[in-house]
Amino acid sequence: MQTVYEAAGGADGMLRLANAWHERVMADEIVSHAFSHGFRPDHSERLAAYWGEALGGPVAYSGTYGDETSVVRLHSGNGQHEEMDRRAIACFDEALADVGFADDRLRAVLHDYFAWATTVPMAQYHGSADDVPSGLVIPQWSWDGLQEAAES
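Residues numbered from 1 in each chain as written. Predicted model: local features only at pLDDT ≥ 70, side-chain atom pairs only at ≥ 80, totals over all residues. Heavy atoms only, no water.

**Student:** What is the right way to read the nonpolar core from this model?
**Tutor:** The nonpolar side chains of a soluble globular protein tend to be buried with one another. Formed by 43 residues in total, the largest nonpolar core has its most connected members in Leu17, Trp21, Trp51, Leu55, Leu110 and Tyr113. Elements represented by at least two residues in this core include exactly helix 1 (4-7), helix 2 (10-27), helix 3 (43-54), helix 4 (68-74), helix 5 (82-98) and helix 6 (104-119). Residues within four places of Tyr113 in sequence aside, it is in contact with Tyr50, Trp51, Ala54, Leu55 and Trp141. (Core = buried A, V, L, I, M, F, W, Y, C linked by side-chain atoms within 4.5 Å. Buried < 20%, exposed > 50% of the residue type's maximum accessible area, 1.4 Å probe, protein only. Helix = DSSP H or I, 4+ residues; strand = E, 2+ residues; numbered from the N terminus. Contact = heavy atoms within 4.5 Å.)

**Student:** When you look at the environment of Asp144 in this model, what are you seeing that I'm missing?
**Tutor:** Looking at the secondary structure, you find Asp144 in the loop between strand 1 (141-142) and strand 2 (145-146). Overall, the relative accessible area of 72% leaves Asp144 in the exposed class. In this structure the C-alpha to C-alpha distance between Asp144 and Val109, which are 35 residues apart in sequence, comes to 8.1 Å.

**Student:** Got a minute to help me understand helix 5 in this structure?
**Tutor:** Three or four residues apart is the spacing at which side chains of an α-helix point the same way, because the helix has 3.6 residues per turn. Taking 1.5 Å of rise per residue, the 17 residues of helix 5 would be expected to cover 24 Å, and the 24 Å separating its terminal C-alpha atoms lies within 8% of that figure. Here helix 5 has its buried residues at Met84, Asp85, Ala88, Ile89, Cys91, Phe92, Ala95 and Leu96. In an axial view of helix 5, the angular spread of the buried residues amounts to 160 degrees, which keeps them on one side of the axis. Directly after helix 5, the chain includes Gly100, whose backbone phi takes a positive value near 85 degrees. (Expected span 1.5 Å × (residues − 1). Arc of directions from axis to C-beta.)

**Student:** Can you help me understand the packing of aromatic side chains in this one?
**Tutor:** Geometrically, a pair of aromatic rings is defined through the distance of the ring centres and the angle of the planes. Taken as a whole, this structure holds nine aromatic pairs when the rule is applied. These aromatic residues form a ring-pair network of at least three members: Trp21, Trp51, Phe92 and Phe114. (Phe/Tyr/Trp six-rings, centres within 6.5 Å; stacked < 30°, edge-to-face > 60°.)

Spelled out as structure tokens, the structure:
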């Protein structure tokens, strides 16, 4: 069976989706606030690598940029922001349409992944990035949802 990553077009599909989502959030008056401090010029490439790894693709993010701890720390210590999260998810759903992801099953699993990632791991350390534990690994998501971490 194809991974979600493969069904979404692999690295090219992830990059198209990351670019479309970034364009949508930058145009949103609420979500764009998250980028008001600036962002890396390769933000979309890094995001595509992260999503790809989480969705069954190669270890392009953790092999190059960092682990889950670094990603969660980047998104932590900003207080609660439910409205921003809700709008970021809406932008993601619009980006799915922008890039032409028409398959209902693919759209549903990508929506579920993004909504979970936005509201659970990226939103659980409101107080301080220093609260994020070290050694977190990028969660894996499949057609069946969140996958349990493999035992060492």
